[in-house]
Amino acid sequence: MKTLLRIFALLCVIIILLLAGAYFYLTSASVQKRFVESQLPEGSSIEHIKVGLGSIELSGLLLSLDNGTRLELGDLQTTFEPLEALFAKTIKIGDLSLSDVRLQLPPVTELTTTTTAVSKGSAVSQPEPPSPSGVAKEAGDADQPLSLEQIYTLGAIEWLFDFGTISLNGEIIDGNGSNYKLVVDSDAIRPGKQSTVNVAVESVFSEPLQSGLSSLSGDLILQFTQSQSGGFEAFKLVAKAFAKDEAGRRLLYLDQTVDTSIDSSGRTGKFSFISETDVPNPGVFAPGLSEVGPVSLNGEGEATIEGDSLRLSKAALAAMANGSEVIDLKLKQEMTLGGKQNLVGD
């Protein structure tokens, strides 16, 4: 009996040693680097990677795609808890830091295939007129209720997200060679708490563009609340954009706010938006509008959703061009989409 116990104990020790050896082998930085490099597209590389049971370190990543897109990542560090995902349906990671991110988009090239085909007199197919049955089907579809399931799904996600702070800094180079600085900051994302994500983008032009545009920047603020049981209860998005010429004159001002709250269990929600846009010289962005003069566009609206019905209680749109009013629309009574309504009055 003692011999059997000794054999069993020896086998346990051997198994533990094998498991420990396998763990140290699989978590070896050199082994992981060789594996990742074998999975990367041609022309890509990585300097260092180490993934442990609860942490990840990565640096010097170069990802090159077939279409010419290149992504560079200087450094990524974070911690995570895999057992939370297995037993608590929670994606839990610590503070996430990404530095020296560089995204280079493929160069913009003129599309000549279509032009060449047309110049050679190739036939261009014309759309066939809709059949009576198709028209009838479209009319029938218009009477169908709205489908708002995707909105309610946001509030019924079973998984919880538990993140530490998030920080990212880098740059984006578009197909025309323009450079944009990118900064992302987020406070902790916790169940039952409101979280805020800030995104800032700023152009870096070595010299003003031919249109006169010298600087372009934008700010985006996303606030959202995650419920204790999973899913999201509220979203608020504030987006702003600014553009100036070399003399500091304003070429664009954009300010938009969207506010949404969701009650998935009761299948109800609220939605509101407000928008303000001012373009003193639209020809900078669309040469065909050079003669239009200064343009401004303002709008706002409020709505509630219940089941598959959306009730618009407030809506207004005003547009001016060169100092003259072009559009002035206001909703004078509630309008229901996806349900029965009775419109009366003017």
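Residues numbered from 1 in each chain as written. Predicted model: local features only at pLDDT ≥ 70, side-chain atom pairs only at ≥ 80, totals over all residues. Heavy atoms only, no water.

Counting its regular elements, the chain contains 6 helices and 17 strands. When burial is assessed residue by residue, the chain has 26% of its 346 residues classed as buried. As displayed, the chain offers around 22,900 Å² of accessible surface, 59% of which is attributable to carbon and sulfur atoms. (Helix = DSSP H or I, 4+ residues; strand = E, 2+ residues; numbered from the N terminus. Buried < 20%, exposed > 50% of the residue type's maximum accessible area, 1.4 Å probe, protein only. Areas by Shrake-Rupley, 256 points an atom, 1.4 Å probe, with all protein chains shown as cover.)

Below, the discussion takes up the environment of K244. Residue placement: K244 occurs in strand 11 (residues 232-245). Sequence spacing of K244 and S214 is 30 residues, and the spatial spacing of their C-alpha atoms is 5.9 Å.

As a further point, take the packing of aromatic side chains. This model, assessed by the stated rule, comprises 6 aromatic pairs. Ring geometry for F161 versus F163: centroids 6.2 Å apart, planes at 85 degrees, classification edge-to-face. Look at F163 and you get buried, because its relative accessible area is 17%. Look at F232 and F235: their rings are 5.7 Å apart centre to centre, the planes differ by 45 degrees, and that puts the pair in the tilted class. Residue F235 is classed as partly exposed on the basis of its relative accessible area, which comes to 22%. Each member of the aromatic cluster is reached from another via a ring pair, and the members are F161, F163, F224, F232 and F235. (Phe/Tyr/Trp six-rings, centres within 6.5 Å; stacked < 30°, edge-to-face > 60°.)

Moving on, we get to the confidence of the model for the chain. Across the chain, the average pLDDT comes to 80, with 77% of residues at 70 or higher. Across the chain, the secondary-structure element scoring lowest on mean pLDDT is helix 4 (residues 113-119), at 43, and the one scoring highest is strand 13 (residues 268-279), at 94. (pLDDT = per-residue confidence, 0-100.)

This part covers the pairing of strand 1 (residues 48-51). In regular strands, side chains alternate between the two faces of the sheet. Here strand 1 pairs with strand 2 (residues 55-64) via 4 bridges, running antiparallel. Within the sheet, the bridge partner assigned to V51 lies in strand 2 and is I56. With antiparallel pairing between neighbouring strands as the criterion, strand 1 and strand 2 make up a hairpin whose turn holds 3 residues. (Pairing = 2+ DSSP bridges.)

Take V238: it is sitting in strand 11. Once the C-alpha coordinates of V238 and T257 are considered, the two residues, 19 residues apart in sequence, prove to be 4.5 Å apart. Apart from the residues lying within four places of it in its own chain, the contact partners of V238 are D219, L220, I221, D255, Q256 and T257. (Contact = heavy atoms within 4.5 Å.)

Taken together, L297, L317, V326, I327 and L329 make up a surface patch of nonpolar side chains, about 400 Å² in accessible area. When residues of the nonpolar patch are assigned to their parent elements, the largest contribution, 3 residues, is made by strand 16 (residues 324-330). (Patch = residues over 30% accessible without salt bridge, like charges linked within 9 Å, V, L, I, M, F, W, Y side chains within 5 Å. Salt bridge = Lys/Arg side-chain N within 4 Å of Asp/Glu carboxyl O.)

On to helix 2 (residues 29-39). Where helix 2 is concerned, the buried positions are V31, Q32 and V36. End-on, the buried residues of helix 2 take up no more than an arc of 125 degrees, which puts them together on one face. (Arc of directions from axis to C-beta.)

Moving on, we get to the pattern of salt bridges. Taken as a whole and assessed by the stated rule, the structure comprises 13 salt bridges. In this structure, R249 engages D245 in a salt bridge whose closest nitrogen and oxygen atoms are separated by 2.8 Å. D245 gets classed as buried once you look at its relative accessible area, which sits at 12%. What emerges from the salt-bridge pattern is a single network uniting R70, E72, R102, E171 and K181.

For the rest of this paragraph, the subject is the side chain of T69. By secondary structure assignment, the location of T69 is in the loop between strand 2 and strand 3 (70-79). Judged by its relative accessible area of 12%, T69 is buried. A polar atom in the side chain of T69 sits 3.0 Å from the side chain of N67. When near neighbours in sequence (up to four residues on either side) are disregarded, T69 contacts L63, S64, L103, Q104 and P106. (Polar contact = N/O pair within 3.5 Å; in protein donor to acceptor, adjacent residues only side chain to side chain.)

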